[in-house]
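# Descriptive structure summary
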Amino acid sequence: MSAVEDKLAKLGITLPEPGPVGGNYVPYRIDGSTLYMAGQGPRHPDGRMETGKVGQDVTTEEAYEHAKLTGLNLLAQAKAAVGDLDRLSAVKLLGMVNAVPDFKQQPQVINGCSDLFVEVMGEKGQHARSAVGMGSLP
C-alpha cells in the first residue's frame, strides 16, 4: 500500500471506483512524466451526483465538501492511470464552482479539494490553482 493510500486508510477514506466518461474523450492522458486528467465532479460511489448552485441551493460549507468529494474522484482516476499515488505530485488544479452571479467565495469552496490533496499527499499535494465561478455546470 502506498503512503498516500495508507494516509487515506488512516482517515477512514476509501477511494471510489473511477466514474464513466460522459462523452468522446479519455479520462486521462500521460505525456512523458505528466498526467493530464479530464474533469471530475462530486460523484458519490453509488453514482449519485451532488448538484445545485452555490449561494442558492448549496452553502459554501456544503460546496467545500463537494469539492473534497471531487478531489477523491480525481485521486481515484489518478490511481487508475498510474497505479501508485506516491509517484504523483500535484501541479495545477482548476476548480469550477457552479454559483450565483454575485458569489465570490470560489477559493473557499475549492479549498475542499486542495485541503484533501495536502492532507493525504503532504508537500506533494501542494499545487498552483485557479478557482472560478461558472453560471452552469453539468
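Up top you'll find the structure we're talking about.
Because the structure is a prediction, the values reported are computed rather than measured.

Parameters at a glance
- Residues numbered from 1 in each chain as written.
- Predicted model: local features only at pLDDT ≥ 70, side-chain atom pairs only at ≥ 80, totals over all residues.
- Heavy atoms only, no water.
- Helix = DSSP H or I, 4+ residues; strand = E, 2+ residues; numbered from the N terminus.
- Rg over C-alpha atoms; globule rule 2.2 N^0.38 Å.
- Buried < 20%, exposed > 50% of the residue type's maximum accessible area, 1.4 Å probe, protein only.
- Contact = heavy atoms within 4.5 Å.
- Polar contact = N/O pair within 3.5 Å; in protein donor to acceptor, adjacent residues only side chain to side chain.
- Patch = residues over 30% accessible without salt bridge, like charges linked within 9 Å, V, L, I, M, F, W, Y side chains within 5 Å.
- Areas by Shrake-Rupley, 256 points an atom, 1.4 Å probe, with all protein chains shown as cover.
- Salt bridge = Lys/Arg side-chain N within 4 Å of Asp/Glu carboxyl O.
- Expected span 1.5 Å × (residues − 1).
- Bend = angle between axes of the 7 residues up to and from the residue.
- Axes fitted to C-alpha atoms, helices over the stretch in contact; angles between N-to-C directions.
- Parallel < 35°, antiparallel > 145°, perpendicular 65-115°, else oblique.
- Left-handed = near helix turned anticlockwise from the far one by under 90°.
- Nonpolar A, V, L, I, M, F, W, Y, C, P; charged D, E, K, R; others polar.

### Considering the overall build of the chain
Counting its secondary structure elements, the chain contains three helices and four strands. Overall, the chain shows an N-to-C arrangement of helices and strands of α-β-β-α-β-α-β. Taken over C-alpha atoms, the radius of gyration comes to 15 Å for the chain, in line with the 14 Å a tight globule of 138 residues would show. Dimensions of the chain, computed from the C-alpha atoms along their principal axes, are close to 40 × 35 × 30 Å. Evaluated residue by residue, the chain yields a buried proportion of 38% over its 138 residues. A fraction of 74% describes how many contacts in the chain between residues 6 or more apart in sequence connect residues 24 or more apart.

### Focus: the side chain of asparagine 98
Structurally, asparagine 98 can be placed in strand β3 (residues 92–98). The exposure class assigned to asparagine 98 is buried, which follows from its relative accessible area of 16%. At 2.7 Å, the side chain of asparagine 98 and the side chain of lysine 53 are in polar contact. Those residues in contact with asparagine 98 that sit more than four places away from it in its chain are Gly52, Lys53, Val54, Met134, Gly135, Ser136 and Leu137.

### Structural notes on a nonpolar patch on the surface
A contiguous nonpolar patch, built from Leu94, Met96, Val132 and Leu137 and spanning about 310 Å² of accessible area, is present on the exposed surface. Along the chain, the position of leucine 94 falls in strand β3.

### Some thoughts on helix α3 (residues 106–121)
With 16 residues, α3 should reach 22 Å at 1.5 Å per residue; the first-to-last C-alpha distance of 23 Å fits that figure. At glycine 112, α3 is deflected by roughly 35°, the largest bend along its length. Along α3, the residues that are buried comprise Gln106, Val109, Ile110, Gly112, Cys113, Ser114, Leu116, Phe117, Val120 and Met121. Against the buried residues of α3 lie α1 (3–10), α2 (60–82), β3 and β4 (128–134).

### A closer look at the environment of glutamate 5
Note on placement: glutamate 5 falls in helix α1. Linking glutamate 5 and leucine 15, residues 10 residues apart in sequence, is a C-alpha distance of 8.5 Å. Setting aside chain neighbours within four positions, we find glutamate 5 in contact with Lys79 and Leu85.

### A closer look at the packing of α2 against α3
Helix-helix packing is characterised by the crossing angle of the two axes and by the distance between the axes. The N-to-C vectors of α2 and α3 enclose an angle of 45°; their axes lie 7 Å apart at closest approach. Comparing the axis directions of α2 and α3 gives the class oblique. The interaxial crossing formed by α2 with α3 has right-handed handedness. Of the residues in α3, those in contact with Thr60, Ala63, Tyr64, Ala67, Lys68, Gly71, Leu72, Leu74 and Leu75 of α2 are Gln108, Val109, Ile110, Asn111, Gly112, Cys113, Asp115, Leu116, Phe117, Val120 and Met121. Partitioned by chemical class, the residues of the contact of α2 with α3 number 13 nonpolar, five polar and two charged.

Any functional reading would require information beyond the geometric quantities listed.
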